[in-house]
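Single-letter residue listing:
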Amino acid sequence: MKGSVLVHYIIAVILGIIVGTRLIAPVTVGFIYMGVTFLCFYFFLTNNINKVFKLLPYLIYTEVFIRGSARSFPYLNIQYLMIFGFLFIIFFYNSNNLKSKLHFKPVLFLVLFFLLEVINGFSPLLPRITYAIQWNTLALVVVAVWAASNKLTAKQINMIMENIRIASVFLAGIVLVAHLEGKIDYSSASSSEASNGLAPVQLSGYFGVSTFLLLVSILSTFDKRAKIVQVAALIFTLTLMILTFSRGGLYFFVFTTLLYFYFNRANFKGYLKFILLLPAFYLIYNFVIDQSEGRVITRYEQKGSSNRDILVLIGLVIFQDNPVIGIGTGNFNKYIVQKNYFSVESGVHNEYIRAAAEHGIFGVITYWGFFIALLINIFKRKKPEKDYAIYFYVLFFLITIHNGLKISIQPLLMLLAIAIQPQITSLTNRKKTKSNATIALQHNQEFGKYSSVSN
């Protein structure tokens, strides 16, 4: 990785702080955000998918700020971008040979599920919720169809992951402002004060993905300068993620890290590198305890899952009572109050249970069937593609059972899980990769995983 990586991360932090302090009015940030969105769409129209992959992570990681501070702009802006952008590519560049290029045909289960969302959504109790769900599902479907007919190269995968890492540092810069300004009143719940007014639960999804990708890069990269920068970035983002008091992100990070070491259990050097990181984790532990006056421990010792377990049980009861076609798209929120299952309107925060409750057995067959088929497909792949596809699949799954389908990082994760396929031309041995600056991602025979090197 080039020495300029330090410059990229520093610029990301500075821009994040500028945005977080509101030195630039949020509405101005919103217009810039929309300008980048239109530029990204232009790259869709010209089929310049690499430029799309360079911009998309930054739009995704700015999404939570725009949603919270520039509300005059479309809430589902990135979902619209992905829908119309990938649809354009599919119909204008892949339509003639889409069927022949479809390397993952069970994606049709997801297409059927979206049709079910539309057909079963003609009697919405809360139209706003129903339409938002349909748009989110359509974004996932379109991205999945594109991924099922395309294979990402090693260089593209590395590019996406690195831009996610840098984008997360920008987002962390926005959050940092709250801690620089102080006046944070920590309690036993997730804190919007500690997240600079951003949605803590949504932040857990963004940071849960990026902290894991930072750790993987630290453990696999050969560039010592990049390693130092990314260790600093990991400490920075992980600390701020924990201080939001939304527990999901840390759970995602820990679970995928354990999964990583399981897949690389024969890699002694990987464990040694991780051990060298333990002092950094100890510093984070002491800092967050001191910063929150010990309340972070109380937060993580709390039992329960903020009523998510109760909502899941309610969803299962609804499925049992309406097993054929469910209660209709987006009707869970209102239905649970009408039936006195819950005291306030709330989503189920779990798309798998929502599919069962709102669409009955047809939802289970189509939605669950897609993910079961994808997991089977992934396990048939060879390393290292199989391992990385599982990481992205698991991250999608964890966010989806914690947040529901609300943030645009989820379709991107699904794209990666589906489109990471074995390609002999993208793989090389360690010696060749070190001397070849055009290969950004490799299959390292010693470590058995992808490694980031000079780009």
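Everything quoted here is computed from the prediction, not taken from an experiment.

S.K.: Teacher, can you tell me more about the nonpolar core here?
M.R.: Buried together is how nonpolar side chains tend to be arranged in soluble globular proteins. One finds W146 and I409 to be the most contacted residues of the largest nonpolar core, which totals 131 residues. Excluding residues within four positions of it along the chain, I409 makes contact with I60, Y61, I164, Y206, V209 and I399.

S.K.: Looking at this structure, how should I read the packing of aromatic side chains?
M.R.: Pairs of aromatic rings are described using the distance from one ring centre to the other and the angle between the two planes. By the definition in use, this model includes 28 aromatic pairs. Relative to Y391, the ring of Y388 has its centre 5.3 Å away and its plane inclined at 70°; by these criteria the two rings are edge-to-face. Of this pair, Y388 and Y391 are both found in helix α17 (residues 385-402), three residues apart, which corresponds to roughly one turn of the helix. Judged by its relative accessible area of 1%, Y391 falls in the buried class.

S.K.: Hey, could you run me through the packing of helix α14 (residues 308-321) against helix α16 (residues 351-379) in this one?
M.R.: Any two packed helices are characterised by the angle at which their axes cross and by the distance between the axes. The geometry of α14 relative to α16 is characterised by a closest axis approach of 8 Å and an angle of 30° between their N-to-C directions. As the angle between them shows, α14 and α16 are arranged roughly parallel. The handedness of the crossing between α14 and α16 is right-handed. Mapping the contact onto sequence places V312, G315, L316, I318 and F319 in α14 and I353, A356, A357, G360, I361 and V364 in α16. For the contact of α14 with α16, the per-class residue count stands at nine nonpolar, two polar and no charged.

S.K.: What is the right way to look at helix α2 (residues 26-45) in this model?
M.R.: Every α-helical turn comprises 3.6 residues, leaving residues that sit three or four positions apart pointing alike. Taking 1.5 Å of rise per residue, the 20 residues of α2 would be expected to cover 28 Å, and the 28 Å separating its terminal C-alpha atoms lies within 8% of that figure. Among the residues of α2, P26, V29, G30, Y33, M34, T37, C40, F43 and F44 are the ones counted as buried. Packed against the buried residues of α2 are α1 (5-20), α3 (49-69) and α4 (77-93). Positive phi shows up at N47, right after α2, with a value of about 60°.

Cut-offs applied
Residues numbered from 1 in each chain as written. Predicted model: local features only at pLDDT ≥ 70, side-chain atom pairs only at ≥ 80, totals over all residues. Heavy atoms only, no water. Core = buried A, V, L, I, M, F, W, Y, C linked by side-chain atoms within 4.5 Å. Buried < 20%, exposed > 50% of the residue type's maximum accessible area, 1.4 Å probe, protein only. Contact = heavy atoms within 4.5 Å. Phe/Tyr/Trp six-rings, centres within 6.5 Å; stacked < 30°, edge-to-face > 60°. Helix = DSSP H or I, 4+ residues; strand = E, 2+ residues; numbered from the N terminus. Axes fitted to C-alpha atoms, helices over the stretch in contact; angles between N-to-C directions. Parallel < 35°, antiparallel > 145°, perpendicular 65-115°, else oblique. Left-handed = near helix turned anticlockwise from the far one by under 90°. Nonpolar A, V, L, I, M, F, W, Y, C, P; charged D, E, K, R; others polar. Expected span 1.5 Å × (residues − 1).

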